[in-house]
Amino acid sequence: MDIYPEADIYTHVVDSEKISEKIKQRVVATTFIQKMPKAVKYYQSYLPLMPYALEQLDLRQYDLIISSESGPAKGVVTSPNALHICYCHSPMRYIWDMYHDYTEHLPWFKKIIIAGLTHRLRLWDLASSYRVDYFIANSSFVQKRIQKFYHRDSEVIFPPINTEDFYSTDKQADYYLMVGQLVKYKNTQLAIDSFNQNKKRLVIIGVGKELEFLKNCANENITFLGYQSFDAIKDYYAQCKALIFPGIEDFGMVPVEAMASGRPVIALAKGGALDSIVKNETGVFFEEATVASLNKAIDYFESNQGSFDSKKIIDHANKFDSEVFKLKFSQFVQNAIKY
C-alpha cells in the first residue's frame, strides 16, 4: 500500500478488526467465501472453493494486477492486455513439498478425501501459474520451488522489514531466544532437546498448537513466555545472547529482526536463512537438524562471541529494510511495464 496507495484490494475474506484503516479503505471486493459460515475464522477450510471463487472476480478494468500469495491468489483471470505480477511467498506448501507433513497424522478417511482434493488443486495450481506474466520470489529458496513446481523463472526481492523499529544495547542478559508460532515445522522441539542437554537458558516467545506439549518436554532452564507485545519482543531481541532458529522458512523475518537488534542468529543451514545470515559474521549455521549439530554451533558461538560486531550485524540487517524493498519492487514493475 505504501508503493501504490490508490490500489484497489481484492481478497477472499476480510476481518475488519484485524486490518488497518489504510487497508480497509482500499478493499473493493471479497469473494463469495466471505459469506460462508464462520469464514473469517476458518477461511482455510474453504481452500477447495478458492480457485472457483477467485475466477469470479471481475478485474477487466485493471491494466496492472499484483498478486501476493502463498496460496492460490495468482489464479485470478485478467484481461489480455493486463500485466500480472505475482509476489510469491511460496508455492502452496500443503499441496506440494510439505503435503505429507500436513497429512501424516490425519485419520485415514480424511487422507483419502484430501488426496483427491489436492490432486485436482495441484493441476489447477500449475495451470494458473501460466496466467502470471512475471514472478517475484521472496527468497532464493522460494525461487527454486517456483522453478521446480511451476517451471517458471523469477527474480528474488526480499520482503520488507522496518529495521528502524528495533534497537540494540550493550546490556546483554544470559539467555538465548526463540520467537514464533509453536507449530511443528518451526522445529522448536529440536531447540528444547538441545537446551535440555546443554543446560543453558532458553526463552521462548509465542503460542501455538504445540505449546502444552513442548512445555511438558522442557526442563527448568527453558522459559515459555507465550504471547508478548511488540515492545516486549524488541527488548528480548536486544538483550539476548543470540537467536535460535532451527526451522526451515521460506524467508524468515525473525532472524532479520534479531539482527536489526544487533544480535547474531544460530540457524539451521536451510531455507531462507541462507539468504539473510552471513556465516560467522551475522550468525552461525548448523548443518543438520540434530541436537549434536545445534549444540556444536552454540559451543562455536560462545567460543567466538567477541567476534560478532553488533554494528556490522545491524548494517547487514538494514539491507532488508522496507525502503529497500519499495525501491526494488517499484523498479521491477517499471521495467516489466516497459517490456
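Look up a bit, the structure's there.
What you see is a predicted model, and the numbers here were worked out from it, not measured in a lab.

Some remarks on the overall build of the protein
At step 1: Scanning the protein from N- to C-terminus turns up 14 helices and 12 strands.
At step 2: Within the protein, the proportion of its 339 residues that are buried is 46%.
At step 3: Residue pairs at least 24 apart in sequence account for 56% of intrachain contacts in the protein once pairs closer than 6 positions are excluded.
At step 4: In the form shown here, the protein has an accessible surface area of approximately 18,000 Å², with 52% of it arising from carbon and sulfur atoms.
At step 5: The averaged location of the 40 negative side-chain charges in the protein is 4 Å from the averaged location of its 39 positive side-chain charges.

Some thoughts on empty space enclosed by the protein
At step 1: Applying the stated criterion across every chain yields a total of 1 cavity of 30 Å³ or more.
At step 2: Space inside the largest cavity adds up to approximately 40 Å³.
At step 3: For the largest cavity, the full set of lining residues is Ile157, Phe158, Lys319, Phe320, Val324, Phe325 and Lys328.

Overview of the layout of surface pockets
At step 1: Quantified by volume, the second largest pocket comes out at close to 190 Å³.
At step 2: Forming the walls of the second largest pocket are Lys279, Asn280, Val284, Phe285, Phe286, Glu287, Glu288, Ser293, Lys296, Ala297 and Tyr300.
At step 3: Contributions of two or more residues to the lining of the second largest pocket are made by strand 12 (283-286) and helix 12 (291-303).
At step 4: For the lining of the second largest pocket, the leading source of residues is helix 12, giving 4 residues.
At step 5: Among the residues forming the lining of the second largest pocket, the class breakdown is 5 nonpolar, 2 polar and 4 charged.

A closer look at the packing of aromatic side chains
At step 1: This model, assessed by the stated rule, comprises 19 aromatic pairs.
At step 2: Ring geometry for Phe32 and Tyr52: centres 5.9 Å apart, planes at 55°, overall tilted. Here Phe32 is found in the loop between strand 2 (27-30) and helix 2 (39-42), whereas its partner Tyr52 is found in helix 3 (residues 50-55), with 20 residues between them in sequence.
At step 3: Every member of this aromatic cluster is reached through a ring pair, and the members are Tyr176, Phe195, Phe301 and Phe308.
At step 4: The positively charged end of Arg93 is found above the aromatic ring belonging to Tyr185, 5.8 Å away from the centroid.
At step 5: The ring of Tyr99 is capped by Arg122, whose NZ or CZ atom sits 4.7 Å from the centre of that ring.

Side note on the environment of Asp309
At step 1: Relative to the helices and strands, Asp309 is located in the loop between helix 12 and helix 13 (310-317).
At step 2: In this structure Asp309 comes out as partly exposed when scored by relative accessible area, which is 34%.
At step 3: Along the primary structure Asp309 and Gly262 are separated by 47 residues, whereas in three dimensions their C-alpha atoms are 7.8 Å apart.

What about the sheet that holds strand 4 (residues 83-88)?
Sheet strands pair by backbone hydrogen bonding; their relative direction is either parallel or antiparallel.
At step 1: Spatially, 4 strands are ordered 3-4-5-6 in an open sheet, and the strand pairing comes out parallel. Two strands lie at the open edges of the sheet, namely strand 3 (64-69) and strand 6 (154-156), each paired on one side alone. The mean inter-strand angle of the sheet, taken between neighbouring strand axes irrespective of direction, is 25°.
At step 2: Relative to strand 6, strand 5 (residues 134-137) runs parallel, the two being bridged by 3 bridges. For Ala137, the partnering residue across the bridge sits in strand 6 and is Val156.
At step 3: The strands touched by helix 14 (residues 322-338) within the sheet are strand 3, strand 4, strand 5 and strand 6, with strand 4 carrying the most contacts at an inclination of about 150°.

Points about the pairing of strand 8 (residues 202-205)
At step 1: Here strand 8 shows no split at all, with Leu202 and Ile204 on one side and Val203 and Ile205 on the other all buried.
At step 2: Direction of pairing for strand 7 (residues 176-179) relative to strand 8: parallel, over a ladder of 4 bridges. In the strand pairing of strand 8, Met178 is matched with Ile204.
At step 3: Tracing the backbone out of strand 7, into helix 7 (residues 188-198) and back to the parallel element strand 8 gives a crossover that is right-handed.
At step 4: Pairing of strand 8 with strand 9 (residues 222-226), which is carried by 4 bridges, proceeds in the parallel orientation. The residue bridging Ile205 from the neighbouring strand is Gly226, located in strand 9.
At step 5: Viewed along the sheet, the connection from strand 8 through helix 8 (residues 211-217) into strand 9 turns out right-handed.

What to know about the environment of Val278
At step 1: Note that Val278 resides in the loop between helix 11 (273-276) and strand 12.
At step 2: The spacing of Val278 and Ile313 is 35 residues in sequence and 9.1 Å in space, taken between C-alpha atoms.
At step 3: Beyond its immediate sequence surroundings of up to four residues, Val278 is in contact with Gly283 and His316.

Regarding the pattern of salt bridges
At step 1: For the structure on display, the rule yields 20 salt bridges.
At step 2: Two residues, Asp2 and Lys22, come together in a salt bridge whose shortest N-O distance is 2.8 Å. Pair noted here: Asp2 is in the segment before strand 1 (9-11) and Lys22 is in helix 1 (residues 21-24), with a separation of 20 residues, a long-range link.
At step 3: Linking Arg145 and Asp250 is a salt bridge whose minimum nitrogen-to-oxygen distance equals 2.9 Å. In this pair, Arg145 sits in helix 6 (residues 140-150) while Asp250 sits in the loop between strand 10 (243-245) and helix 10 (253-260), placing the two residues 105 residues apart along the sequence.

About the cut-offs
- Residues numbered from 1 in each chain as written.
- Predicted model: local features only at pLDDT ≥ 70, side-chain atom pairs only at ≥ 80, totals over all residues.
- Heavy atoms only, no water.
- Helix = DSSP H or I, 4+ residues; strand = E, 2+ residues; numbered from the N terminus.
- Buried < 20%, exposed > 50% of the residue type's maximum accessible area, 1.4 Å probe, protein only.
- Contact = heavy atoms within 4.5 Å.
- Areas by Shrake-Rupley, 256 points an atom, 1.4 Å probe, with all protein chains shown as cover.
- Lys, Arg positive; Asp, Glu negative; His and termini not counted.
- Charge placed at Lys NZ, Arg CZ, Asp CG, Glu CD.
- 1 Å grid on protein atoms, 1.4 Å probe; cavity = no way out; pocket = protein on both sides within 12 Å on 5 of 7 lines; lining within 4 Å.
- Points joined across faces, edges and corners; volume = space filled by probe spheres on them.
- Nonpolar A, V, L, I, M, F, W, Y, C, P; charged D, E, K, R; others polar.
- Phe/Tyr/Trp six-rings, centres within 6.5 Å; stacked < 30°, edge-to-face > 60°.
- Lys NZ or Arg CZ within 6 Å of the ring centre and 35° of its normal.
- Pairing = 2+ DSSP bridges.
- Axes fitted to C-alpha atoms, helices over the stretch in contact; angles between N-to-C directions.
- Right-handed = clockwise from strand over helix to strand, strands pointing away.
- Salt bridge = Lys/Arg side-chain N within 4 Å of Asp/Glu carboxyl O.

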